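Chain by chain, the residues run as shown.
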Amino acid sequence: MTIETTATEPIFDEAQAVDPLGDVESAQSQGTLKNRAKVGSARQSSLIYTYGPGSVMDLPNFTIMPTGLDEWDRIWQRRDGIPTIHAPRLREAVRRLIKGAHRDIELRPFPWQASRSNFGKEGNDLGVPARIFPQWLRCTSCDTLGPLGYFNYVNTHPYRTDLAQFEHKCRGRKGSHKKASVHPAVPARYLLACQDGHVDEFPYELWVHRGRGCTEAVQGTAPLTMSDRSFGRGAVATIKCGACGSTRAMNEAQGEAARDKLPRCRGRHAHLDAFYPCENEVRLILVGASNLWFPATQSVIVMPEQEEMLDEEIASRIRVTLGDKLKRYAKNLDFARDYLPEKGFDVSGYSDDRLKQLLDLAMAPPEDSAADKQQQQRWDPIDLLVPEWRYLQSDPLGDRHSDPQSGLTLSRRNKHAALPGQIDRVLAVESLRKVNALVGFTRIDEIDRVDDLPDRMVPLARSTRPKWTVATEDRGEGIFLQFDEKAVDNWEQRILKSGLWAALRAAHARNFTNRYSETAAKDLEPDDRLRPPRYWLLHTFSHILIREMAMTCGYNAASLSERLYAWQAAEGREPAAGLLICTTASDSDGTLGGLVELSKEDRLHEIVGNALRRAQRCSSDPICATRTPKDPEDFLHGAACHCCAMASETSCERANRFLDRRFLIDLPGSSLGFFEITS
């Protein structure tokens with residue numbers, strides 16, 4: 001189970017590349033319509049957050065793994081033009097986070113196109129390529145265990161992808177007197193994975209024979225069976241060789257004791273069809289395990305960009321459009337004016353001086369790799385939020401301002417006299433555009449901190465200079481609230497000296513130590529990941545607002561999400577204290593207007609007042625109101641529970657951590673509240 005190699009480059013067989021549509025066309029040219037390529041469908045949000053490249057996706061009768069982005073290029077090549085998503089700040093962040101990324105890396109949507117009619121064929125030649133994985137199956141009737149070649153693939157109905165399955169013709173289990181008939185085969189659910197993100201098939205033949213070959217095998221092949229009579233108790237199956245009679249239970253492969261029994265990692269990235277040098281220990285993992293695939297994503301609310309950023313974006317588009325003709329056309333504006341429009345780049349609005357400036361910028365050499373790597377190591381997720389915060393500080397031009405390029409529409413809102421004075425400004429975000437990009441993924445352990453990304457992330461493509469990554473685009477609406485910085489700072493200084501904060505800080509240190517990932521960076525301090533008191537304040541306030549707004553805005557609570565701007569002053573950025581409650585969707589459902597309606601002067605003060613009053617009481621009080629972690633407890637919330645302040649997973653950006661109602665209002669035994677409640 002090991003590959004002896006000293007090479008640093010991956011081992012890849014081009015002949016094994018996935019090309020499902022090419023396979024279909026080849027079959028059709030030979031007069032057969034067997035094996036149709038389409039096997040299922042999924043929403044874009046699930047393909048980026050749950051079933052992206054390298055994950056294992058459950059279909060009705062088998063499982064598949066979406067391939068790396070190299071194979072997606074085969075799909076895009078079937079189109080004359082490749083669409084891209086405009087989000088300069090996110091594109092720059094993606095370039096820094098993806099190791100070795102091309103300086104002009106693009107954000108592309110999923111290869112999908114809707115048909116104009118029920119009988120149209122537009123978009124039939126698009127889709128996400130995938131392979132069957134795992135490729136060891138078990139017959140549900142006779143328990144035969146074997147690779148795909150043992151079974152027959154059936155997928156002939158053009159409109160019923162749920163009927164696609166693998167079949168095995170047999171008489172059933174030993175002792176059965178049934179006639180031979182066809183039965184479905186299902187994936188054998190065991191895999192091997194290592195901390196560097198490699199995943200491989202479980203070596204059933206070597207396992208049952210304890211690392212040796214079968215002495216009774218015919219032509220080197222030993223018939224295997226997998227008996228599994230119990231369910232829901234982990235690895236309880238038993239593997240048996242039909243030739244020599246050897247048996248071995250799968251539960252021997254579980255736990256620490258099994259590490260010496262399992263082979264070393266072969267370095268397989270199944271989604272890339274490639275093997276990389278690796279000698280890590282492996283562990284048993286089930287096909288449906290939640291730690292098999294953790295996405296690494298970044299997202300931005302697209303804001304109007306500064307002129308400098310726009311120039312860089314335009315220069316990047318020019319480099320991509322001209323390609324190897326850039327050097328020649330940069331010296332001849334007439335040629336550039338003729339060629340660029342042919343490729344869909346309109347330059348009619350640029351003067352000669354402006355076009356020359358952009359061409360010179362496109363010709364500028366890339367950043368020094370050492371400097372780029374240093375910026376990558378210093379990069380912080382807050383860097384994506386700072387430009388948003390800065391733009392939202394300025395009032396819209398007029399009562400309502402819309403920016404067509406970014407899709408952002410802001411409106412002023414007057415403050416009601418009854419609205420708490422600590423809330424300084426209110427903006428109605430009538431429309432917004434949120435872009436989400438996938439930069440990689442991990443296995444076994446979720447990403448602990450951005451500093452781990454370059455070393456721990458599994459690449460999405462074999463290319464050492466990836467030119468694009470997949471992204472989604474959502475549209476929605478929201479309400480932005482800005483807190484008074486002076487009031488927040490005075491309150492925060494008081495909290496930092498309190499016994500409650502000392503207890504929460506100690507609990508965070510215990511939580512950090514108890515859950516310290518074996519693959520995380522080794523030079524981290526617990527306080528590096530502890531959110532400041534203002535974050536706890538805004539986070540808790542955001543949650544109670546989401547609960548209250550969901551009762552009247554027309555969206556359910558799970559459709560509302562938070563975006564928190566809460567950090568102390570640091571080098572290169574000013575302090576922030578604000579939040580955006582928004583709802584987004586890939587279609588018009590995110591812009592129905594119900595949430596923006598609540599930002600009006602006569603509505604918002606009622607929402608805020610009701611939310612704060614409800615936060616005074618919880619059905620779990622007094623236990624909830626006085627909850628303070630004590631050694632050895634390590635939970636990351638204080639006076640907060642599912643009855644009063646916790647939100648759904650889709651709404652919260654911190655998995656319901658860093659919450660405490662005592663930071664919002666005074667509760668019995670505590671006088672640390674930021675707001676004063678009056679009846």
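Cut-off values and rules
Residues numbered from 1 in each chain as written. Predicted model: local features only at pLDDT ≥ 70, side-chain atom pairs only at ≥ 80, totals over all residues. Heavy atoms only, no water. Helix = DSSP H or I, 4+ residues; strand = E, 2+ residues; numbered from the N terminus. Buried < 20%, exposed > 50% of the residue type's maximum accessible area, 1.4 Å probe, protein only. Contact = heavy atoms within 4.5 Å. Core = buried A, V, L, I, M, F, W, Y, C linked by side-chain atoms within 4.5 Å. Expected span 1.5 Å × (residues − 1). Arc of directions from axis to C-beta. Pairing = 2+ DSSP bridges. Axes fitted to C-alpha atoms, helices over the stretch in contact; angles between N-to-C directions. Salt bridge = Lys/Arg side-chain N within 4 Å of Asp/Glu carboxyl O. Phe/Tyr/Trp six-rings, centres within 6.5 Å; stacked < 30°, edge-to-face > 60°. Lys NZ or Arg CZ within 6 Å of the ring centre and 35° of its normal.

**Things to note about the overall build of the protein**
Step number 1: Within the protein one finds 17 helices and 25 strands.
Step number 2: Within the span of the protein, comprising 679 residues, buried residues form 48% of the whole.
Step number 3: Within the protein, counting contacts between residues at least 6 apart in sequence, those at least 24 apart form 70% of the total.

**Observations concerning the nonpolar core**
Step number 1: Core analysis: the largest hydrophobic core is formed by 49 residues, its most contacted members being F483 and F541.
Step number 2: Elements represented by at least two residues in this core include exactly strand 22 (423-442), strand 23 (468-483), helix 13 (485-496), helix 14 (499-514), helix 15 (533-549), strand 24 (561-567), strand 25 (576-585) and helix 17 (601-615).
Step number 3: Broken down by element, the residue count for this core peaks at nine residues, all from helix 15.
Step number 4: Not counting residues within four places of it along the chain, the set of residues in contact with F541 comprises I423, L481, F483, L579, V608, L612, L664 and F675.
Step number 5: Counting residues in hydrophobic clusters, the runner-up holds 24 residues, among them L145, Y204, M226 and V282.

**Some points on helix 13**
Step number 1: Taking 1.5 Å as the rise per residue, helix 13 with twelve residues should run 16 Å; its terminal C-alpha atoms sit 16 Å apart, in good agreement.
Step number 2: Along helix 13, the positions that sit buried rather than exposed are V488, W491, E492 and I495. Seen end-on, helix 13 carries its buried residues on one side only, within an arc spanning 105°.
Step number 3: Contacts made by the buried residues of helix 13 are with strand 23, helix 14, helix 15 and strand 25.

**Considerations on the sheet that holds strand 18 (residues 283-286)**
Step number 1: Sheet architecture is open: three strands sit in the order 12-11-18, paired in antiparallel fashion. Each end of this open sheet is capped by a strand with a single partner; those strands are strand 12 (199-201) and strand 18. With strand direction ignored, the average angle separating the axes of adjacent strands in the sheet is 40°.
Step number 2: Here strand 11 (residues 190-193) pairs with strand 18 via four bridges, running antiparallel. Across the sheet, A193 pairs through a bridge with R283, a residue of strand 18.

**Notes on the pattern of salt bridges**
Note that side chains of opposite charge can pair when their charged atoms are close.
Step number 1: Applying the stated criterion to the full structure yields 34 salt bridges.
Step number 2: Among the salt bridges present, the one from D383 reaches R573, with a minimum N-O distance of 3.9 Å. Remark: R573 occurs in the loop between strand 24 and strand 25 and D383 occurs in helix 11 (residues 382-393); sequence separation between them is 190 residues.
Step number 3: Judged by its relative accessible area of 19%, R573 falls in the buried class.
Step number 4: Between R534 and E485 there is a salt bridge whose closest N-O contact spans 3.0 Å. With R534 in helix 15 and E485 in helix 13, this residue pair connects regions lying 49 residues apart in the sequence.
Step number 5: Classification of R534 as buried rests on a relative accessible area of 1%.
Step number 6: One salt-bridge network, in which partners are shared between bridges, spans D73, E106 and R108.

**Some details on the packing of aromatic side chains**
The geometry of two aromatic rings is summed up by the distance between their centres and the angle between their planes.
Step number 1: In this structure the tally under the stated criterion is 26 aromatic pairs.
Step number 2: Both rings, one in Y150 and one in F151, keep their centres 6.3 Å apart while their planes meet at 40°; by these two values the pair is tilted.
Step number 3: Three or more aromatic residues joined by ring pairs make a cluster, and in this case those are F483, W491, W501, Y535, W536, F541, F658, F663, F674 and F675.
Step number 4: Taking the ring centre of W207 as reference, the NZ or CZ of R248 above it sits at 3.7 Å.
Step number 5: The side chain of R531 reaches across the aromatic face of Y535, ending 6.0 Å from its centre.

**Observations regarding the environment of A193**
Step number 1: Of note, A193 is situated in strand 11.
Step number 2: Between the alpha carbons of A193 and C265 there is a distance of 7.6 Å; along the sequence they are 72 residues apart.
Step number 3: Once residues within four sequence positions are removed from consideration, A193 is found in contact with H198, V199, E281, V282, R283, I285 and I444.

**As for the pairing of strand 14 (residues 238-241)**
Step number 1: The alternating pattern of strand 14 places I239 and C241 on a buried face and T238 and K240 on a face that is not buried.
Step number 2: Two elements, strand 13 (residues 224-227) and strand 14, share four bridges in a ladder whose sense is antiparallel. By the bridge assignment for strand 14, S227 is matched with T238.
Step number 3: As consecutive antiparallel partners, strand 14 and strand 15 (residues 247-249) are separated by five residues, and within that stretch G245 has a phi angle of approximately 80°, a positive value.

**Details of the environment of H198**
Step number 1: Along the chain, the position of H198 falls in the loop between strand 11 and strand 12.
Step number 2: When its relative accessible area of 6% is taken as the criterion, H198 is described as buried.
Step number 3: Discounting residues that sit within four places of it in the chain, H198 has contacts with L192, A193, C265, G267, R268, H269, Y276, C278 and R443.

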